[in-house]
Amino acid sequence: MSSALTGLLRYPIVQAPMAGGVSVPQLAAAVSDAGGLGFLAAGYKTADGMYQEIKQLRGLTSGPFGVNLFMPQPDLADPSAVGVYAHQLAGEAAWYGTELGDPDSGRDDGYEVKLAVLLDNPVPVVSFHFGCPAPDVLAALARVGTTTMVAATTPEEALAVQQAGADAVIMQGVEAGGHQGTHRDSVETDGAGLGLLALLARTRETVHLPLIAAGGIMRGSQIAAVLAAGASAAQLGTAFLATPESGAALIHKRALTDPLFVRTELTRAFSGRPARGLVNRFLREHGPYAPAAYPDVHHLTSPLRKAAAKAGDAQGMALWAGQGHRLARELPAGQLVEVLAAELEAARTALSGPPGAAGGVAQGFLDGEVTG
């Protein structure tokens, strides 16, 4: 394991920070105690809300953990396009008996205040989504002993992260659930994301920082695959979403393996930024018309999503999930880390086994011993 990650985790398993109430202190503590790296999600919280969760987590575990921040977003939205989308959603608001949210509810997610809190009260790890912090921010965190990680979706973004001075890059493949962590949101790149293995291979050619692989990983054998492809660790979100410690709504957890939801899709329907979720009625009806306007659309649809969840209507919720969602297991988070670690070890053993055994299949092909 890379020196940047040594001492942070016993197993190369990182629990993804899932905003919206999923990555609660109980989940992060269970993962960290089991030997992985648990994460809190500061996105959509106030700075004080983040601080209180950090205090709670410290009371639950003595292990290392991380906190994730959303980068402030430039004001590129077309107000008229947001207005048209709001008009389209009027029927949804009437159906759920609620008002639409104010699209002008803020763009920076309290970034500067949260950063100040994390500099005054350092945590082991801070990661960033939706962009790369300035070098002086990363240097300031380094001075207080915090390891920094930044999400990237292309080799070019990863190179920018390295040049800014971060300690590690979270390489997010297109398979990942939730929001793609692109540094610049552009409709021209919609649907052009790289699969995780191709992304790792291309990034490894030019970036020398530790890579943390994210996207569709649900089994220890997949962790073994991304480690073999050049990653130092794997980040899993959907796999932990289904655990009892997760703060996700029960209806969301059940939807992961419900035969009614057969696939995922990247959509702007709920937030105005590409995010992968289970295909439901809301996504089908509104996804094609949602403007590129984050976080305006996120604020606009927030009351709708909350009302749908309260009504137990999965067809109106943002059911974020990665492509591996059907492999979700309802295991306690700590037990899931242990199972993943055992699967990882079994996969490594199989790959290093003698010819003729399970691990010697590839060599057997080369030797002409295996013919199909």
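Conventions we followed
- Residues numbered from 1 in each chain as written.
- Predicted model: local features only at pLDDT ≥ 70, side-chain atom pairs only at ≥ 80, totals over all residues.
- Heavy atoms only, no water.
- Pairing = 2+ DSSP bridges.
- Helix = DSSP H or I, 4+ residues; strand = E, 2+ residues; numbered from the N terminus.
- Axes fitted to C-alpha atoms, helices over the stretch in contact; angles between N-to-C directions.
- Contact = heavy atoms within 4.5 Å.
- Parallel < 35°, antiparallel > 145°, perpendicular 65-115°, else oblique.
- Left-handed = near helix turned anticlockwise from the far one by under 90°.
- Nonpolar A, V, L, I, M, F, W, Y, C, P; charged D, E, K, R; others polar.
- Salt bridge = Lys/Arg side-chain N within 4 Å of Asp/Glu carboxyl O.
- Buried < 20%, exposed > 50% of the residue type's maximum accessible area, 1.4 Å probe, protein only.
- 1 Å grid on protein atoms, 1.4 Å probe; cavity = no way out; pocket = protein on both sides within 12 Å on 5 of 7 lines; lining within 4 Å.
- Points joined across faces, edges and corners; volume = space filled by probe spheres on them.
- Phe/Tyr/Trp six-rings, centres within 6.5 Å; stacked < 30°, edge-to-face > 60°.

### Some points on the sheet that holds strand 1 (residues 13–15)
Read across the sheet, eight strands follow the order 1-9-8-6-5-4-3-2 without closing on themselves; strand pairing throughout is parallel. The open sheet has two edge strands, strand 1 and strand 2 (38–41), and neither has a second partner. Neighbouring strand axes in the sheet, compared pairwise and without regard to direction, differ in orientation by 25 degrees on average. The sheet contact formed by strand 8 (residues 211–214) and strand 9 (residues 233–236) spans three bridges and is parallel. Along strand 9, the bridge assignment pairs I212 with A233. Where helix 1 (residues 25–33) meets the sheet, its contacts fall on strand 1, strand 2 and strand 3 (65–70), and the angle it forms with strand 2 comes to roughly 160 degrees. Strands in contact with helix 5 (residues 111–120) are strand 3 and strand 4 (125–129); relative to strand 3, the strand with the most contacts, it is inclined by about 160 degrees.

### Overview of the packing of helix 2 (residues 47–60) against helix 5
Between helix 2 and helix 5, the shortest axis-to-axis distance is 9 Å and the interhelical angle comes to 30 degrees. Here helix 2 lies roughly parallel to helix 5, going by the angle between them. The hand of the helix 2/helix 5 crossing is right-handed. Listed contacts from helix 5 to A47, M50, Y51 and I54 of helix 2 are V113, K114, V117 and L118. Among the residues forming the contact of helix 2 with helix 5, the class breakdown is seven nonpolar, no polar and one charged.

### A word on the pattern of salt bridges
Taken as a whole and assessed by the stated rule, the structure comprises 10 salt bridges. Between R107 and D296 there is a salt bridge, and its shortest N-O distance comes to 3.0 Å. Residue R107 is located in the loop between helix 4 (90–96) and helix 5, and its partner D296 is located in helix 13 (residues 296–310); the two are separated by 189 residues in the primary sequence. According to the relative accessible area criterion, D296 is buried, its value standing at 5%. Between D190 and R268 there is a salt bridge, with the nearest N and O atoms lying 2.9 Å from each other. Taken together, the positions of D190 in the loop between strand 7 (178–179) and helix 8 (196–204) and R268 in the loop between strand 10 (264–267) and strand 11 (275–278) put the pair 78 residues apart, joining distant regions of the chain.

### Here we look at the layout of surface pockets
Its boundaries defined by the atoms lining it, the largest pocket holds a volume of some 1100 Å³. What lines the largest pocket is a set of 47 residues, and nearest its centre among them are M18, A19, G20, V22 and W320. Secondary structure elements with two or more residues in the lining of the largest pocket: strand 3, strand 4, strand 6 (168–172), strand 7, strand 9, helix 10 (238–241) and helix 13. Ranked by the residues each element gives to the lining of the largest pocket, the list is headed by helix 13, at five residues. Here the residues of the lining of the largest pocket are counted per class, giving 24 nonpolar, 21 polar and two charged. The space that makes up the second largest pocket amounts to roughly 440 Å³. If you go around the second largest pocket, you meet 22 residues; those closest to its centre are T182, T189, D190, G191 and P274. Of the residues belonging to the lining of the second largest pocket, the class tally is seven nonpolar, 10 polar and five charged.

### Things to note about the sheet that holds strand 10
Across the sheet, which stays open at both edges, the three strands sit in the order 7-11-10 with antiparallel pairing between neighbours. Taken across any chain shown, the strands that pair with only one partner, and hence form the sheet edges, are strand 7 and strand 10. With four bridges connecting them, strand 10 and strand 11 associate as antiparallel partners. Following the sheet pairing, T267 is matched in strand 11 by A275.

### A closer look at the side chain of H325
Structurally, the position occupied by H325 is in the loop between helix 13 and helix 14 (333–351). Assessed through its relative accessible area of 2%, H325 is described here as buried.

### Details of the packing of aromatic side chains
With the rule as written, the count across this model stands at five aromatic pairs. Seen from their ring centres, F270 and W320 are 5.6 Å apart, and the 85 degrees between their planes marks the pair as edge-to-face. Placement of the pair is F270 in the loop between strand 10 and strand 11 and W320 in the loop between helix 13 and helix 14, with a sequence separation of 50 residues. For F270, a relative accessible area of 2% translates into the label buried. Ring pairs connect the aromatic residues Y44, F70, F130 and Y294, which therefore count as one cluster.

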